[in-house]
Amino acid sequence: MESLYLLVPLSVFIVILAAWVFFGAADSGQFDDLDGPGMRILLDDEELPAAPDTAQNSLRKDKE
């Protein structure tokens, strides 16, 4: 029974601390977009410019 005098206030303090940490993280925007960064790595941002084909350029010069 005497241990409850210590454990109840301690558990209330831990719950309040956990809620304060969670709401602090939520207010800072930590949980805004969880799927976006993981999907962004799979998509190409822009296509690379096509490299000039040297074999076709040499054929065109031969025909001229």
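Remember, predicted model here, so these are calculated numbers, not experimental data.

1. Digging into the overall build of the protein
- A count of helices and strands for the protein gives three helices and zero strands.
- Along the protein, helices (α) and strands (β) appear in the sequence α-α-α when read from the amino end.
- Across the 64 residues that make up the protein, the buried fraction comes to 3%.
- Counting every atom, the protein has about 6,600 Å² of accessible surface; 63% of that belongs to carbon and sulfur.

2. Structural notes on a nonpolar patch on the surface
- A cluster of nonpolar side chains, namely Leu6, Leu7, Leu10, Phe13, Ile14, Leu17, Trp20 and Val21, defines an oily patch on the protein surface of about 860 Å² accessible area.
- On the secondary structure map, Leu7 appears in helix α1 (residues 4-27).
- Taking the relative accessible area as the measure of exposure, Leu7 reaches 46% and is therefore partly exposed.

3. Some details on the UniProt feature "transmembrane region" (unreviewed entry) in the protein
- Mapped onto the present numbering, the UniProt feature "transmembrane region" (unreviewed entry) falls at residues 6-26.
- Across residues 6-26, the secondary structure splits into 100% helix and 0% strand, with the terminal C-alpha atoms separated by 31 Å.

4. A few points about the environment of Phe31
- Positionally, Phe31 belongs in the loop between α1 and α2 (36-40).
- On the basis of relative accessible area, Phe31 is assigned to the partly exposed category, the value being 41%.
- Apart from the residues within four sequence positions on either side, Phe31 is in contact with Phe22, Ala25 and Ala26.

5. Overview of α1
- The terminal C-alpha atoms of α1 lie 34 Å apart, and with 24 residues this matches the ideal 34 Å at 1.5 Å per residue to within 8%.
- Remark: Gly29 follows α1 within two positions and exhibits a positive phi of approximately 90°.

Conventions we followed
Residues numbered from 1 in each chain as written. Predicted model: local features only at pLDDT ≥ 70, side-chain atom pairs only at ≥ 80, totals over all residues. Heavy atoms only, no water. Helix = DSSP H or I, 4+ residues; strand = E, 2+ residues; numbered from the N terminus. Buried < 20%, exposed > 50% of the residue type's maximum accessible area, 1.4 Å probe, protein only. Areas by Shrake-Rupley, 256 points an atom, 1.4 Å probe, with all protein chains shown as cover. Patch = residues over 30% accessible without salt bridge, like charges linked within 9 Å, V, L, I, M, F, W, Y side chains within 5 Å. Salt bridge = Lys/Arg side-chain N within 4 Å of Asp/Glu carboxyl O. UniProt positions renumbered as here; feature names shortened; annotations may be inferred. Contact = heavy atoms within 4.5 Å. Expected span 1.5 Å × (residues − 1).

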